[in-house]
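Single-letter residue listing:
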Amino acid sequence: LSHVTAVVVVVGLYMIPLGAAINSEVPYMPIWLLSVAVVALLVPVWIWVLVAKYTSLVPQRLRPWALSQSTLWIERYCISNNSHSGLCSVGQFIAGSNTMIAIVNGKYFTNLRCVYELAIFCKLHQGSKLQDRLILISSTWGGIFQWLNIFHSLTRAEENWLTDFYCDRARCAVPAERQVIFSAIRKAWGSVGVFEEFVRSELLYILKESKKEHYRRPRQNIGKAMSSVFTS
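For clarity, every value in this text was computed on a predicted model and none was experimentally measured. (Residues numbered from 1 in each chain as written. Predicted model: local features only at pLDDT ≥ 70, side-chain atom pairs only at ≥ 80, totals over all residues. Heavy atoms only, no water.)

Caption draft 1: Layout of the pattern of salt bridges. Evaluation of the coordinates by the stated rule reveals six salt bridges. The closest approach of N and O atoms between Glu117 and Arg113, which form a salt bridge, is 4.0 Å. Note that Glu117 and Arg113 are positioned in helix H6 (residues 112–124) at a spacing of four residues, about one turn of the helix. Accessibility expressed as a relative area gives 5% for Glu117, which makes it buried. Classification of Arg113 as buried rests on a relative accessible area of 10%. Lys212 is the partner of Glu209 in a salt bridge, and the nearest nitrogen-oxygen pair spans 3.5 Å. With Glu209 and Lys212 both in helix H10 (residues 192–231) and three residues apart, the pair spans about one turn of that helix. For Glu209, a relative accessible area of 29% translates into the label partly exposed. (Salt bridge = Lys/Arg side-chain N within 4 Å of Asp/Glu carboxyl O. Helix = DSSP H or I, 4+ residues; strand = E, 2+ residues; numbered from the N terminus. Buried < 20%, exposed > 50% of the residue type's maximum accessible area, 1.4 Å probe, protein only.)

Caption draft 2: Representation of the packing of aromatic side chains within the structure. All told, the structure shown has five aromatic pairs when counted by the stated rule. Ring centres of Phe165 and Phe195 lie 6.2 Å apart, and the angle between their planes is 75°; on these two criteria the pair is classed as edge-to-face. Taken together, the positions of Phe165 in the loop between helix H8 (156–163) and helix H9 (175–189) and Phe195 in helix H10 put the pair 30 residues apart, joining distant regions of the chain. The residues Phe165 and Phe195 share a single accessibility class, namely buried. Cation over ring: Arg200 sits above Tyr166, and NZ or CZ is 4.4 Å from the ring centre. (Phe/Tyr/Trp six-rings, centres within 6.5 Å; stacked < 30°, edge-to-face > 60°. Lys NZ or Arg CZ within 6 Å of the ring centre and 35° of its normal.)

Below is the structure:
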C-alpha cells in the first residue's frame, strides 16, 4: 500500500513541470491536468490494494501479492496458536519451502515448535545443498569487525543450546501444540528420542557450519571486490 501511494505522489509531482511545459505551448491546458490524469489511473490500483489488504472481498487468487512468483511465509504471523488445523499445517508449509532463514539464540532453542521447524527443514533437505537453502543467524554473532574474526567455533553456551535440548523441557504456546508436534516428530523420526539425538548432533553441526559461513562470507566478498579492482 505504501509503495502504491509513493508511486502516485512521485509520478503526480513529476507531471507538474511537464504540465507547465505543455501549458506554455497550449495555454488552455491546465498545468495540473497530467497529474490528475496519473492519479486517476493509479487510484483504482490503490483501492484494489487497500480492499485486498483489509477485507476479504477480493479472492486470494486476485490479490496483488498473488502476482508474485515467490511467497514469503513468516511463521510468527502465519500460525495461530488457537487453531488446531493451523498447528497441524506447520509441517506442510515447511515441506513446501525452498529456503529458510532463522534468527536463533538461546530462547529460540527452548521453543519446541521452532526446533521442530528447523529440524524438519534440515531433514528434508539433507544432501541437497542445505547450506544454500538455510541461513542461520544468531543475534550474538557479528559486529563491525566481524570479518576479522578468525575464531569460528561455537561458544560453550551456544553448544549448550542444543546439547541440553530435551523435548519435555521445551516450551509450547498451548498444551495442544505439544501433542501435535510430538505426533509430527514420531511420524518423521520414529520416536522422540531419535529426534532429540538429531537435534544434539545434526543441528549442532549445522549451527557450527552456519557460524563459520557467517564470518567467512564478508572476507570472501572483500576478496572478490579486491580481485576485481586489481584485475580490471
